[in-house]
Amino acid sequence: MAKLSTLEHLADEHGTPLFIVDHDIIRKNYLAFKEHLPRVQIFYAVKANSDPDIIKTLYDMGSSFDVASMNEFLLVHKNIESLSEKERQKFIWEKIIYANPIKDIKTLKELDSYKPLVTFDNIEEIAKIKQHSPNAGLVLRIKVPNTGAMVELSSKFGAEPGSAVEMIEEAHKQGLVVEGLSFHVGSQTTNFENYIQALSVVAGIIDEAKIKGYKKLKIVDIGGGFPAPYDVNVEPFNNLARRLNSELDRLFDDKIEIIAEPGRYMVATACTSVSSVIGKADREGKRCYYINDGVYHTFSGIIFDHCSYHLQAFKTGPKQICSVFGPTCDALDTISLAEELPELEIGEMLYSENIGAYSRSSSTWFNGFPPASIVHINK
Ligand SMILES: *Cc1c(COP(=O)(O)O)cnc(C)c1O
């Protein structure tokens, strides 16, 4: 996180609520991921934070991208518009995956001219792709255990491993090529066993497909889920990396390309929010602070991401347990019912670290309050 004096200075200059993005930390996270998992190509999952400047920084680092809507696709595409037609097509083939297994027909039609790699996980989708995006390459998303992940995804997506080879056959029958397999172990996975089990499921499918004559599977996409160090209970990333590296080498020969779609890991620690106290009251013996950012805004992750964030004051002093609420008229707009804070006056500021993923990107305009302003540092 940036120094406290920097945060205060920026908040004085730009006002609050403010969302501060430190691009040095994004670059550091990118390099750490690469260093720990040298065999894995990084496809940044744009949905974690789709700020165009973040995408630009990762593009400049050489990142590839996971997109899940036409707008996300175009956000990435903006960075390559000055390239030649041939370079652009190469970038889309090699460095973009459209990793939403369900695509509407309009999107498929728009995607077709770009010939992208797209994921699917059901028979109905194969027919849709064949009809509306026949130039796309396919990656089959497999259902894998999401045990203990903060955000579970397996109830919504993924073909049963037992039906995987059938799906590959069906795509083949329709003249499409399945180039690889993907999975997602659930976001903020601290149970590293999920990855180990998923890799073994995928290796089994590749073997079974080979026996049936399908030898074109060359991509293994290990998805996202890599945990951000929100607290001391999260095991260090290099423990996960060590186990992944040995499994990847044991299960897949070097003709198999390994890709990953980290979202949270790249951006969570890179952003800090600064907000101000706009009201205070004592209710049932408890101090309540009302601040100018909340769960409909930068703290949306409390609802959508099942995440919690600590609020800290810039000033020191004896602390008491307080409630902290957002600015809207809804009681759901509650950031914390048990935050330890010193005595704060109206206008004094609070900050919250590690709030870069699934936060401001799902901010709304509810009650007429706009999303926090963004400031980029070390760009
Ligand atoms: C959300 C998502 C990601 C990113 O997940 P993180 O847990 O943030 O790393 C990657 N791939 C797919 C398909 C996703 O839906």
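Predicted, not measured: the structure shown is a model, and the values here were computed from it.

Peer 1: Quick question: what am I supposed to make of the overall build of the chain here?
Peer 2: When helices and strands are counted, the chain shows 12 helices and 16 strands. Over its C-alpha atoms the chain spans a radius of gyration of 22 Å, differing by no more than 12% from the 21 Å that the globule rule assigns to 379 residues. Oriented by its inertia axes, the alpha-carbon framework of the chain measures out at about 70 × 40 × 35 Å. Put simply, the chain has 379 residues, and 55% of those count as buried. Restricting to contacts in the chain with at least 6 residues of sequence separation, those with at least 24 account for 72%. Split by element, the accessible area of the chain, about 16,700 Å² in all, is 51% carbon and sulfur. If the 40 positive side-chain charges of the chain are averaged to one point and the 51 negative ones to another, these points end up 5 Å apart.

Peer 1: What am I meant to see in the site of the ligand here?
Peer 2: The full set close to the ligand counts 14 residues, and Lys47, Ser187, Glu261, Arg264 and Tyr358 are the nearest of them. Between a nitrogen atom of the ligand and a side-chain N or O atom of Asp66, the distance comes to 3.0 Å. Ser187 is positioned such that a nitrogen or oxygen atom in its side chain is 2.4 Å from an oxygen atom of the ligand. About the coverage of the ligand: the protein hides 92% of its 390 Å² of free accessible area.

Peer 1: So what exactly am I meant to see when it comes to the nonpolar core here?
Peer 2: Note that soluble globular proteins tend to have their nonpolar side chains buried in a common cluster. One finds Phe33, Leu140, Phe226 and Phe252 to be the most contacted residues of the largest nonpolar core, which totals 100 residues. In terms of residue count, helix 9 (residues 193-211) provides more of this core than any other element does, 8 residues in total. Of the domains in this structure, domain 1 (4-19 + 269-377) and domain 2 (23-267) are the two that each give at least three residues to this core. In this structure, Leu140 is in contact with Phe120, Asp121, Ala159, Ala164, Met167, Ile168, Val178, Gly180, Leu181 and Ser182, ignoring residues within four places of it in sequence.

Peer 1: Where do I start with the domain arrangement of the chain in this structure?
Peer 2: Interface size is commonly expressed as the accessible surface area that is lost when the partners come together. Splitting the chain by domain gives domain 1 (4-19 + 269-377) and domain 2 (23-267). Taken together, both faces of the contact between domain 1 and domain 2 bury some 1,500 Å²; the carbon and sulfur share is 52%. Among the residues domain 1 hides against domain 2, the three largest losses belong to Thr269, Tyr358 and His376. Together they make up 38% of the total. Remark: the boundary between domain 1 and domain 2 carries 1 salt bridge. Here Arg264 ties to Asp305 by a salt bridge, and the two come within 2.8 Å at their closest N and O atoms. On the surface where domain 1 and domain 2 come into contact, there are 10 residue pairs in polar contact (both at pLDDT 80 or more). The greatest single-element share of the side of domain 1 that touches domain 2, amounting to 3 residues, is contributed by strand 16 (residues 373-377). Residues belonging to the side of domain 1 that touches domain 2 are distributed by class as follows: 8 nonpolar, 6 polar and 1 charged.

Peer 1: I would appreciate a short explanation of the UniProt feature "modified residue: N6-(pyridoxal phosphate)lysine" (unreviewed entry) in the chain in the present structure.
Peer 2: When the UniProt feature table is mapped onto this chain, "modified residue: N6-(pyridoxal phosphate)lysine" (unreviewed entry) is found at Lys47. Relative to the assigned elements, Lys47 resides in the loop between strand 2 (40-45) and helix 3 (52-61). Of the residues examined, Lys47 reaches a relative accessible area of 45% and is grouped as partly exposed. The residues touching Lys47, leaving out its near neighbours within four places in the chain, are Glu72, Tyr358 and Ser361.

Peer 1: Help me out: how do you make sense of the sheet that holds strand 5 (residues 117-120) in this one?
Peer 2: Within a sheet, neighbouring strands are paired by backbone hydrogen bonds and run either parallel or antiparallel to one another. Ordered by their spatial adjacency, 8 strands build a closed barrel running 2-3-4-5-6-7-8-9, and the pairing between neighbours is parallel. Taking the axes of each pair of neighbouring strands and ignoring which way they run, one obtains an average angle of 30° across the sheet. For strand 8 (residues 219-221) and strand 9 (residues 257-260), the ladder comprises 3 bridges, and the chain directions are parallel. In the sheet register, Val220 faces strand 9, and the bridge partner there is Ile258.

Peer 1: For this particular structure, what's the right way to read the pattern of salt bridges?
Peer 2: Side-chain pairs of opposite charge can arise whenever the charged atoms involved come near each other. Tallying each qualifying case throughout the model produces 20 salt bridges. Between Lys143 and Glu160 there is a salt bridge, and its shortest N-O distance comes to 3.9 Å. You can see Lys143 sitting in the loop between strand 6 (137-141) and helix 8 (164-173) and its partner Glu160 sitting in the loop between strand 6 and helix 8, a full 17 residues away along the chain. With a relative accessible area of 31%, Lys143 lands in the partly exposed category.

Peer 1: I keep staring at the side chain of Ser300 and nothing clicks. Help me out?
Peer 2: As for its placement among the helices and strands, Ser300 is situated in the loop between strand 11 (286-291) and helix 12 (301-304). Side-chain polar atoms of Ser300 contact the side chain of Ser362, separated by 2.9 Å. Excluding anything up to four places from it in sequence, Ser300 contacts Gly294, Val295, Asp305, Tyr358, Ser359, Ser362 and Ser363.

Peer 1: What is the right way to read helix 10 (residues 237-251) from this model?
Peer 2: Structurally, the α-helix is built with 3.6 residues per turn, so residues lying three or four positions apart point the same way. An ideal rise of 1.5 Å per residue puts 21 Å on 15 residues; helix 10 measures up with 21 Å between its terminal C-alpha atoms. What helix 10 keeps buried is the set Phe237, Leu240, Ala241, Leu244, Glu247 and Leu248. The buried residues of helix 10 occupy an angular sector of 135° when projected down its axis, which confines them to one face. Exposed positions of helix 10 whose direction lies more than 90 degrees from the buried face are Arg242, Asp249 and Arg250. Summarising the contacts, the buried residues of helix 10 are in contact with helix 2 (23-36), strand 2, helix 9, strand 9 and helix 11 (264-267).

Definitions and limits used
- Residues numbered from 1 in each chain as written.
- Predicted model: local features only at pLDDT ≥ 70, side-chain atom pairs only at ≥ 80, totals over all residues.
- Heavy atoms only, no water.
- Helix = DSSP H or I, 4+ residues; strand = E, 2+ residues; numbered from the N terminus.
- Rg over C-alpha atoms; globule rule 2.2 N^0.38 Å.
- Buried < 20%, exposed > 50% of the residue type's maximum accessible area, 1.4 Å probe, protein only.
- Contact = heavy atoms within 4.5 Å.
- Areas by Shrake-Rupley, 256 points an atom, 1.4 Å probe, with all protein chains shown as cover.
- Lys, Arg positive; Asp, Glu negative; His and termini not counted.
- Charge placed at Lys NZ, Arg CZ, Asp CG, Glu CD.
- Near = heavy atom within 4 Å.
- Polar contact = N/O pair within 3.5 Å; in protein donor to acceptor, adjacent residues only side chain to side chain.
- Core = buried A, V, L, I, M, F, W, Y, C linked by side-chain atoms within 4.5 Å.
- Domains from an automatic or database assignment.
- Buried area = accessible area lost by both parts, 1.4 Å probe.
- Salt bridge = Lys/Arg side-chain N within 4 Å of Asp/Glu carboxyl O.
- Nonpolar A, V, L, I, M, F, W, Y, C, P; charged D, E, K, R; others polar.
- UniProt positions renumbered as here; feature names shortened; annotations may be inferred.
- Pairing = 2+ DSSP bridges.
- Axes fitted to C-alpha atoms, helices over the stretch in contact; angles between N-to-C directions.
- Expected span 1.5 Å × (residues − 1).
- Arc of directions from axis to C-beta.

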